[in-house]
Amino acid sequence: MEVNAESFPNDLLGLLINISEADFVSFDLELSGIPSRLPNKKPRGAGWLTLDDRYAETKEGADRYQILQVGLTCAKFDYVANKYVLRPYNINISPLFDERLDFEREISFQSGACSFLLGCGFDLGLPFAQGVQYLSREEAERAKKLAYDRIDKKNVIEDLQLKPTDTESLDFVRRCRDAITAWQKTTSANLEITTSTGLPNASASYTISRFEKRLVHQLVRAEFPDAVAIGRNDCIRILPFDAVREAENTRRIKTRVKEQIARQTGFRWVFEALVGGEIDADLLYILRSAGPSDHRDRLDRALARLRKNRPVIVGHNMFTDIVYLYRTFVGPLPNTLAGFNEKLHELCPRIVDTKYLATHDEGDLNASPTLEEIAKGLQSQRLPNIVTHEDHAKYNELEAFHEAGYDSLLTATIMLRLAAKLGAARSKSSELDDKNGSTTQSKKQTEAAKPALGREASEGGIKLSPSSLSDFIADGREKVHHPIAVPPVGPDSAIDGRQKRKNKRKTKRTNKEQTTHRFATKTVFEKLRDLSVADVETSDSTEEEGEREELDHDALNGPGDDGTDAAGSWADEEYVQDETGWVPIPKVERQKMEMIPEFGDTFWRQFGNRLRVFGTEEREMRIAGWPQ
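Reading guide: rules and limits
- Along every chain, residues carry numbers that run from 1 in the direction the sequence is written.
- Local features in this predicted model are restricted to residues of pLDDT 70 or higher, and side-chain atom pairs are both shown and tallied only at a pLDDT of 80 or more, whereas totals for entire chains, interfaces and linings draw on every residue.
- No hydrogens and no water enter the side-chain calculation; it runs on all heavy atoms of the structure.
- UniProt positions are given in the numbering used here, feature names are shortened, and annotations may be inferred rather than shown by experiment.
- A run of DSSP states H or I qualifies as a helix once it reaches four residues; a run of E qualifies as a strand once it reaches two. Both are numbered from the N-terminal end.
- To sort residues, take the accessible area from a 1.4 Å probe on protein chains only and compare it with the maximum for the residue type: under 20% means buried, over 50% means exposed, and anything in between is partly exposed.
- Contacts between residues were defined by any pair of non-hydrogen atoms, one from each residue, lying within 4.5 Å.
- Each accessible area value is a Shrake-Rupley result obtained with a 1.4 Å probe; residue values ignore everything except the protein chains displayed when judging cover.
- Between N-to-C directions, angles span 0 to 180 degrees; the directions come from axes that are lines fitted to C-alpha atoms, helices contributing only their stretch in contact.
- For classification, angles of less than 35 degrees are called roughly parallel, those exceeding 145 degrees roughly antiparallel, those between 65 and 115 degrees roughly perpendicular, and all remaining angles oblique.
- Residues are sorted three ways: Asp, Glu, Lys and Arg are charged, Ala, Val, Leu, Ile, Met, Phe, Trp, Tyr, Cys and Pro are nonpolar, and all the rest, Gly among them, are polar.
- At least two DSSP bridges between two strands are needed for those strands to be called paired.
- Patch criteria: residues need more than 30% relative accessible area and no salt bridge. Like-charged residues are merged within 9 Å; nonpolar side chains of Val, Leu, Ile, Met, Phe, Trp and Tyr are merged within 5 Å.
- For this analysis, a salt bridge means a side-chain nitrogen from Lys or Arg found within 4 Å of a carboxyl oxygen belonging to Asp or Glu.
- N or O atoms closer than or at 3.5 Å make up a polar contact, with two conditions inside protein: a donor-capable atom paired with an acceptor-capable one, and, for residues adjacent in sequence, both atoms drawn from side chains.
- Classification of ring pairs uses Phe, Tyr and Trp, with its six-membered ring standing for Trp, and accepts pairs whose centres are within 6.5 Å; under 30 degrees between planes counts as stacked, over 60 as edge-to-face, and the remaining range as tilted.
- Lysine and arginine charges are scored as sitting over a ring when NZ or CZ, respectively, is within 6 Å of the ring centre and within 35 degrees of the ring normal.

The name given to the protein chain in an unreviewed UniProt entry is CAF1-domain-containing protein, with the source organism recorded as Didymella heteroderae. UniProt lists a comment for the protein chain under the heading Sequence similarities (unreviewed entry), and it reads "Belongs to the CAF1 family."

Sorry, what's going on with the overall build of the protein chain here?
Scanning the protein chain from terminus to terminus reveals 23 helices and 12 strands. Sorting the 628 residues of the protein chain into buried and exposed places 47% on the buried side. Long-range pairs, those at least 24 residues apart, make up 77% of the contacts in the protein chain with a sequence separation of at least 6. Carbon and sulfur atoms provide 50% of the accessible area of the protein chain, an area that totals close to 32,600 Å².

Help me out: how do you make sense of the packing of helix α1 (residues 8-21) against helix α9 (residues 268-275) in this one?
Axes are the key here: two packed helices are described by the angle between their axes and the distance separating the axes. One way to put it is that α1 packs onto α9 with a least axis distance of 10 Å and a crossing angle of 5°. On the basis of their axis angle, the class for α1 and α9 is roughly parallel. Along its contact with α1, which presents F8, L12, L15, L16 and I19, the element α9 presents W269, V270, A273 and L274. Split into classes, the residues belonging to the contact of α1 with α9 amount to nine nonpolar, no polar and no charged.

How should the sheet that holds strand β7 (residues 236-240) be read in this particular structure?
Hydrogen bonds between backbone groups are what pair the strands of a sheet, and the pairing can be parallel or antiparallel. If you trace the three strands from one edge of the open sheet to the other, you get β5-β7-β6, paired in antiparallel fashion. Every other strand in the sheet has two partners, leaving β5 (191-193) and β6 (227-231) as the edge strands with one partner each. Strand-to-strand twist across the sheet, computed as the mean angle between neighbouring axes with direction ignored, equals 30°. Helix α6 (residues 167-184) contacts β5, β6 and β7 of the sheet and is inclined by roughly 175° relative to β5. Here helix α7 (residues 210-223) sits on the sheet and contacts β5, β6 and β7; the angle it forms with β6, its principal contact strand, is near 165°.

Quick question: what am I supposed to make of a nonpolar patch on the surface here?
A contiguous nonpolar surface patch, about 290 Å² in accessible area, is contributed by L96, I107, F109 and F128. Here F128 is to be found in helix α4 (residues 126-130).

Help me understand the pattern of salt bridges in this model?
Should the charged atoms of two oppositely charged side chains come close, the side chains can pair. Using the criterion set out here, one finds 27 salt bridges in the structure. Between E57 and R54 there is a salt bridge; the shortest N-O distance is 3.9 Å. Here E57 and its partner R54 are both found in helix α2 (residues 51-64), three residues apart, which amounts to about one turn of the helix. For R54, a relative accessible area of 2% translates into the label buried. The salt bridge partner of R150 is D102, with a shortest N-O separation of 3.2 Å. Residue R150 is located in helix α5 (residues 137-151), and its partner D102 is located in the loop between β4 (83-92) and α3 (111-119); the two are separated by 48 residues in the primary sequence. For R150, a relative accessible area of 48% puts it in the partly exposed group. Among the ionic contacts, a cluster of salt bridges with common partners joins D171, R174, R175 and D178.

Looking at this model, I keep getting lost on the environment of V270. Mind explaining?
Mapped onto the elements of the fold, V270 is located in helix α9. Residue classification places V270 among the buried residues on the basis of a relative accessible area of 0%.

Please clarify how the pairing of β4 should be interpreted in this entry.
One face of the sheet, then the other: side chains in a regular strand alternate in exactly this way. Burial analysis of β4 places 10 of its 10 residues in the buried class, which makes it a mostly covered element. Of the two faces of β4, the one holding K83, V85, R87, Y89 and I91 and the one holding Y84, L86, P88, N90 and N92 are both buried throughout. Relative to β4, strand β1 (residues 2-3) runs parallel, the two being bridged by two bridges. Bridge pairing in β4 links E2 to N90. For strand β3 (residues 67-78) and β4, the ladder comprises 10 bridges, and the chain directions are antiparallel.

Help me understand the side chain of S32, please; the structure alone is not making it clear to me.
Note on placement: S32 falls in the loop between β2 (24-31) and α2. Here the side chain of S32 touches S108 through a polar contact of 2.9 Å, landing on its backbone oxygen. For S32, the residues in contact, after removing those within four places along its chain, are Y65, Q66, L68, S108, F109, Q110 and A113.

What exactly am I supposed to notice about the packing of aromatic side chains here?
What describes a pair of aromatic rings is the distance from one ring centre to the other and the angle between the planes of the rings. According to the stated counting rule, one finds 14 aromatic pairs in the structure shown. Between F97 and F103, the aromatic rings sit 5.5 Å apart at their centres with planes inclined by 85°, giving edge-to-face as the arrangement. Ring centres of F603 and F607 lie 4.5 Å apart, and the angle between their planes is 35°; this geometry places the pair in the tilted category. Remark: F607 and F603 occur in helix α23 (residues 603-607); sequence separation between them is four residues, near one turn of the helix. Neither residue differs from the other here; F603 and F607 are each classed as buried. Taken together through their ring pairs, the aromatic side chains of F599, F603, W604, F607 and W626 make up a single cluster. The ring of F614 carries R612 above its face, with NZ or CZ at 5.0 Å from the centroid.

How should helix α13 (residues 337-347) be read in this particular structure?
Along an α-helix, a turn takes 3.6 residues, which lines up residues three or four apart on a common side. Of the positions making up α13, those classed as buried are L337, G339, F340, N341, L344 and L347. Of the surrounding elements, those touching the buried residues of α13 are α2, α5, α9, α12 (319-329), β9 (351-353) and β12 (620-622).

So, in structure tokens, the structure goes:
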């Protein structure tokens, strides 16, 4: 599914719901520059870099360059259909600001990266024309502080010093002083100051320059403490000072600033859903989403699920991507790799790198199958059963090489097939160990369990020099350049199931109406039952056909003037799922490889939270232990 700036407010709810329900979310990025080609980079010496060196290099690249595109694929196992359902999203990211903020952002592009992207058919104009904007956590805090300091007048503005030769400016200040003094002796509610104030022949056009506005503010602040000056487009309005009114005005301005920052936060709300961050419950109203009438309830349920369980984050060759992701949506990177590991684990306690899954048992330092090789090598694998949701069928009809959404879909597919294969082999190995008590046999089984990648994985791997490895693998350019079949569109999706149930209800009702005498009367209970069925069908129809109702913010958020709820309002209460009468899903004996190992399984202690970093002495980065 393609998400752009225009559709983002209405697509956000579906994104948050799918993330909250997903077993894992795979991602991929497209960047405006890569670390290995930084300008003025020092020549690399002989031998491999250490992980600390690689992190310092990648940190410098992330500080300079931007993310242009994010691909996300939400993967969820359907226990009814016994298959994994994938929902890929492709989202262009704009580094521009739409809201008025008190700072700017520098944007950098690398010529080599641009040439590479253009050669792959990437449209460099799309992020700017249709991209979803964002603010990092650090930028949002900075924007709020600067705006609040300006509103509270904490940053004292130096007074303008007029010289005796500035006769026109001095005359303007004199005229304004006389006008304000005369106004204070009247009963008029306010006074409007323009360029022509005090002149015998006042101009018909009400205009005032920015310089003159500053002079008026300075005059009122210095000589009229019992008055306030309020800027307007074409004048300065002078009002009597009112402490209550000023406090209320300040509160309203700050509320408006918070809403501006929330709108500009943009894609970072999706990032917060991935890492368990705080999401504003009024977000859909602030973004002016025109979703269905129950979308506040659906958002509350999604946020409750996200608070209870964060999805597992999956990437391929993701070291560079995860560093860029942190820098873009969190803020400045820690100075050391150890500090970054600690912060990363707090954000994402469960991470899986499919590059590590595919190469965990390779002995040759230079053996490195690409994303394309791994995907092709696993294509013939029958289980697990994987389908693409029918609302996300873009890549079943279009070969989008080097598009982040497409690569995230392939990453999710590799994750499922490779994890299922390795999990089944590990389970079989454990059974043999228990039966024979032989560690040698276990080793042979593990070696035999290595996935077929279309070539000799270790001994016959592609031999690359350290310098070429750096460009080919380390910078996240390991992309697909030839057709690879993606999971087909699944006919048994959730929406398709709702449609079937809806049609079945309609058929039953039609048959009943045909068999009932047209003059027959209905009891009160029959009328209530029919009314209930009609309400359900109306709700389904509205959701499925995309009909939208305008959100009534007052109805959702209570009577507060600032958009907040009155004390004791239901909207202040945290959503709690009613689990009364819930029945656990019955355990079904499944075929091997029908599902990947559960994320609480000991399997992930070996394969989780480890990133493959070829081209370094360590070859891998261990983030932390896999949570129980």
